[in-house]
Amino acid sequence: MKTAVIGSGTWGMALARLLFDNGHEVKVWSAIESELKELREKRTHKNLPGIVFDEGIVFEGDLEKAMENADICVLSVPSIFTRATAKKMAPFYKENQIIVNVAKGIEENTLEILTEQILDEIKNANVAVLSGPSHAEEVVRLLPTTCVAGAKDMETAKLIQSTFMSPVFRVYTSTDMLGIELGGSLKNVIALAAGISDGLGYGDNAKAALITRGIVEISRLGIAMGANIETFYGLSGIGDLIVTCASKHSRNRKAGMLMGQGMSMDEAMREVAMVVEGVYSAKAAKALANKYNICMPIVDEVNAVLFENKDPKQAVDALMLRDKAVEKIGI
């Protein structure tokens, strides 16, 4: 397959290496001149130390050349840049190309998932998604990882599965694109809460509670929006939630932990020095909860800490002192 990776961040570069090792032709596009220079001259990436990328991977600053003749375009830019990048891609898109979105987020002003934003900008495009518990720092080092490929039709999902699957990267298939994207986006908000808990010095019990009740909140909203409940039990649901809440590689957990230790949201984001997707999805998650009349107390408290300067400990106390309830997942 001829593939174009649109975006040279850590996730895009990890997938570029995976695709090249699988025998595919790979071009990587970047709008950042300094990254292009390092990748072309040193074959390295500043945020992936110790990794040298093969000479066969081509690095492009020209988007048209990067997309030219590609069978699959892997869109791997931070979620806040997905719409703008898709708009740039639109003039060069060919109707037989598959666009695989690998970012995770919800647009605050439209409440659209990323594949919906792509379709707004590239009409009638064949858009799919690849998601799951998959930190770039591990994938690029060929550590065992599993993900799920989602598309409107199973034929496209299976093609993506065959393209990405390897002895160290197992891919499942699904047609529930909505559920996959909601799980991937909303888990970042819950991971902020898990990080806050860590920053406050709370233990494993609190972390387990946030993960468990977090997937309940995500599932409630997903069911109300028309997603399949089984998706949230899978890799892009509970799987991605666990790794993002617990991993040392998780920028959302790290940002939350810094806030739990006393930093403001802005200070924490500067310290992390990479896009913290959960901050951008938090308001959208709360707006969706209000729109569908879904109870999402963890999401509410994360928003209060992020945007209302609520003390993190008071936010945890508010969760603990809520009214007595029966444990259930349903709406």
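Going by what an unreviewed UniProt entry lists, the protein is known as Glycerol-3-phosphate dehydrogenase [NAD(P)+] and is assigned to Lachnoanaerobaculum saburreum. Entered under Subcellular location (unreviewed entry) in the UniProt record, the comment concerning the protein runs "Cytoplasm".

**Student:** Please clarify how the packing of aromatic side chains should be interpreted in this entry.
**Tutor:** A ring pair, where both rings are aromatic, is described by two values, the distance of the centres and the angle of the planes. Following the criterion strictly, the structure yields zero aromatic pairs and no others. The ring of F307 carries the charged tip of K283 above its face, separated from the ring centre by 4.5 Å.

**Student:** I keep staring at the UniProt feature "binding site: substrate" (unreviewed entry) in the protein and nothing clicks. Help me out?
**Tutor:** As annotated by UniProt and renumbered to match this structure, "binding site: substrate" (unreviewed entry) occupies K104, R251 and N252. A maximum C-alpha distance of 13.1 Å is found for the annotated residues, which run over 149 residues; spatially they form one tight group. Secondary-structure assignment places K104 in the loop between β5 (98-101) and α5 (114-121). On the basis of relative accessible area, K104 is assigned to the buried category, the value being 15%. Within the element layout of this structure, R251 appears in helix α12 (residues 251-260).

**Student:** Is there a simple way to think about helix α8 (residues 177-199) in this case?
**Tutor:** Two residues of an α-helix separated by three or four positions point the same way, owing to the 3.6 residues in each turn. With 23 residues, α8 should reach 33 Å at 1.5 Å per residue; the first-to-last C-alpha distance of 34 Å fits that figure. Positive phi appears at G201, one or two residues downstream of α8, with a value of about 90°.

**Student:** Explanation requested: unusual backbone geometry in the structure shown.
**Tutor:** Trans peptide bonds make up most of the peptide bonds, and negative phi angles are found at most residues other than glycine. Look at R43: it is not a glycine, yet its phi comes out positive at around 60°. Inspection of the secondary structure puts R43 in the loop between α2 (33-41) and β3 (58-60).

**Student:** Explain the sheet that holds strand β8 (residues 169-174) here, please?
**Tutor:** Whenever strands of a sheet pair, they do so through backbone hydrogen bonds, lying parallel or antiparallel. Spatially, the eight strands line up as an open sheet ordered β3-β2-β1-β4-β5-β6-β7-β8, and their pairing is mixed. Of all the strands in the sheet, just β3 and β8 have a single pairing partner and so form its edges. The average undirected angle you get between the axes of adjacent strands in this sheet is 25°. Examined bridge by bridge, strand β6 (residues 126-131) and strand β7 (residues 145-150) share three bridges and lie antiparallel to one another. In the sheet register, S131 faces β7, and the bridge partner there is V148. Contacts between α5 and the sheet are confined to β4 (72-75), β5 and β6, with β6 contributing the most and set at about 155° to the helix. Relative to the sheet, helix α7 (residues 154-164) contacts β4, β5, β6, β7 and β8, its axis offset from that of β8 by approximately 180°.

How each quantity is defined
Residues numbered from 1 in each chain as written. Predicted model: local features only at pLDDT ≥ 70, side-chain atom pairs only at ≥ 80, totals over all residues. Heavy atoms only, no water. UniProt positions renumbered as here; feature names shortened; annotations may be inferred. Phe/Tyr/Trp six-rings, centres within 6.5 Å; stacked < 30°, edge-to-face > 60°. Lys NZ or Arg CZ within 6 Å of the ring centre and 35° of its normal. Helix = DSSP H or I, 4+ residues; strand = E, 2+ residues; numbered from the N terminus. Buried < 20%, exposed > 50% of the residue type's maximum accessible area, 1.4 Å probe, protein only. Expected span 1.5 Å × (residues − 1). Pairing = 2+ DSSP bridges. Axes fitted to C-alpha atoms, helices over the stretch in contact; angles between N-to-C directions. Contact = heavy atoms within 4.5 Å.

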